[in-house]
Amino acid sequence: MVRVLLALGALGALAAAAVLGAGCGGSFPLPTERRVGRTIPTDSSYKIVAIWSGSEPPPRGMGGIKDILLTQGSGTQLYLLFNRGGKGLSRGAIYGYSRVASTGSPQPLPESYIKFSHDPSSLFNPVALCSAGGHVYVLNQGDTLLARSPDSTHFIVDLSSYWFVHEYGLLGDPMTESFSDTSVAFVNGIAADAEGPDNPNPAFDTKTFQNRIYRYKRGPRYPGIPDLNIVGNWHRDTTWLAEEGSGIGYVSDPRGLNWTRGGELGPPGLYVADAGKNVVAKLSDIQPSTGFFQIEGSGEGPTLTSPSSVSVDLRGYVYVADTGNHRVLRFSPEGEFIQRVDLEPSPVQQPVAVAANDSVVFVADRALSQVFRYQRVK
């Protein structure tokens with residue numbers, strides 16, 4: 001069986017939008033929020049401007065927080081993914097917020113609040129979010145052991161329990177596309193590339209028990225010849241692969257993924273939080289198993305331990321959830337350590353997701369059932 005970390009790449013104009021069911025525009029009670037009045041530091045460090053907390057399920061609390069997506073550029077929006085385990089709407093949910101780039105804490109307005117909801121059979125163990133081309137992609141990890149028969153044949157008997165990637169519109173448009181690969185048994189992360197002239201087709205990437213990252217593209221590989229392992233209108237792109245290995249460009253246990261378009265600060269690339277190698281690496285999205293650099297630690301403390309999430313802002317700065325060391329770090333576009341983000345009191349315990357946009361950093365702490373919003377003091 002193959003275990004896969006899924007990175008979603010949307011290289012062309014992505015045609016479909018998807019929401020799991022409905023729920024746009026209703027009133028929304030805010031989660032419990034503590035406004036924190038602190039002395040503002042003067043050394044360009046980060047301060048906490050808001051803490052969302054509460055162990056109860058959303059929308060009132062942050063219980064089960066699993067991933068954060070912060071879209072880049074104008075019209076920035078914040079999406080929170082919750083996973084409390086099990087199958088059904090009560091166990092998983094996605095909430096969207098707008099105006100998160102303004103000062104203060106993010107305030108979801110009734111007319112801009114989005115709740116992604118759908119058939120409970122579709123929302124089974126959601127674990128990761130990403131966006132590209134005006135869409136949000138959700139990785140539904142499912143339970144592939146439950147999906148397969150218990151006898152020695154291991155045929156898939158319950159496809160609804162298998163892993164899928166679902167495609168949505170940014171404003172909660174109904175889901176119209178889903179994708180899975182039945183030759184891959186386990187998927188753990190997702191990333192998407194943006195529209196670019198050199199790569200006009202959509203693409204997905206993934207990770208396996210053999211610890212690889214695959215890429216998928218929309219449409220069949222050969223016209224009129226379907227791939228019997230693929231569920232949905234996608235195919236595996238065999239021209240690109242990140243394989244298992246110890247050098248830069250190779251992976252061991254990839255978790256969080258983030259794709260960047262590049263520009264004046266460097267070429268496009270796929271950033272990987274690799275818990276097996278305890279590094280964050282920037283891989284080429286053109287050459288198979290080719291890497292630009294890898295980040296091993298802060299330079300003034302322990303090396304990375306089981307990093308689980310990586311975020312890259314539009315300027316190319318890299319933010320890492322160093323889960324095993326209970327901290328969040330910021331690096332330059334070249335991978336050089338700059339600073340620790342979570343220096344204020346109320347330390348993080350289990351940072352499982354980080355999302356950043358220039359001076360704003362969101363951190364999801366699953367152990368504390370909290371989401372921290374940090375603001376860099378300029």
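Residues numbered from 1 in each chain as written. Predicted model: local features only at pLDDT ≥ 70, side-chain atom pairs only at ≥ 80, totals over all residues. Heavy atoms only, no water.

1. Considering the side chain of Q339
This is how it is decided: By definition, any uninterrupted DSSP run of H or I lasting at least four residues is a helix, any uninterrupted run of E lasting at least two residues is a strand, and each is numbered from the N terminus. In this scheme, a residue with accessible area under 20% of its type's maximum is buried, one over 50% is exposed, and one in between is partly exposed, where area comes from a 1.4 Å probe on protein chains only. For the purposes of these results, a polar contact is taken to be a pair of N or O atoms within 3.5 Å, where, inside protein, one atom must be able to donate a hydrogen and its partner to accept one; residues adjacent in sequence count only when each atom of the pair is a side-chain atom. We call two residues in contact whenever any of their non-hydrogen atoms come within 4.5 Å of each other.
Take Q339: it is sitting in strand β25 (residues 337-340). For Q339, a relative accessible area of 13% translates into the label buried. A polar side-chain atom of Q339 sits 2.8 Å from a polar atom in the side chain of R330. Every residue in contact with Q339, bar those within four places of it in the chain, is listed here: S44, S45, Y46, L329, R330 and R376.

2. A closer look at the packing of aromatic side chains
Applicable threshold: Ring pairs are drawn from Phe, Tyr and Trp, using the six-membered ring of Trp, whenever the two centres fall within 6.5 Å, and their geometry is named by plane angle: stacked under 30 degrees, edge-to-face over 60, tilted for the rest.
Enumeration according to the criterion identifies six aromatic pairs in this entry. Seen in terms of ring centroids, W163 and F179 are 5.9 Å apart; in terms of plane orientation they differ by 70°. Their pairing is edge-to-face. With a gap of 16 residues between them, W163 in the loop between α1 (144-147) and β11 (164-169) and F179 in strand β12 (residues 177-181) connect regions that are remote in the sequence. F179 carries the same exposure label as W163, and that label is buried.

3. A closer look at the pairing of strand β15 (residues 213-218)
Note the cut-off: Paired strands, in this sense, are two strands between which DSSP finds at least two bridges.
In terms of burial, β15 is largely enclosed, as six of its six residues are buried. Side chains of β15 alternate between two faces, with I213, R215 and K217 and Y214, Y216 and R218 buried alike. By the bridge criterion, five bridges tie β15 to strand β17 (residues 234-242) in an arrangement that is antiparallel. Looking across to β17, one finds that K217 is bridged to H235.

4. Observations concerning the sheet that holds β12
In spatial order, the strands read β9-β10-β11-β12-β16; together these five strands make up an open sheet with antiparallel pairing. The sheet is open, and its two edges are formed by β9 (126-132) and β16 (230-231), each paired on a single side. Bridge count for β12 against β16 is two bridges, and the pairing is antiparallel. Among the inter-strand pairings, S180 is bridged to a residue of β16, identified as V231.

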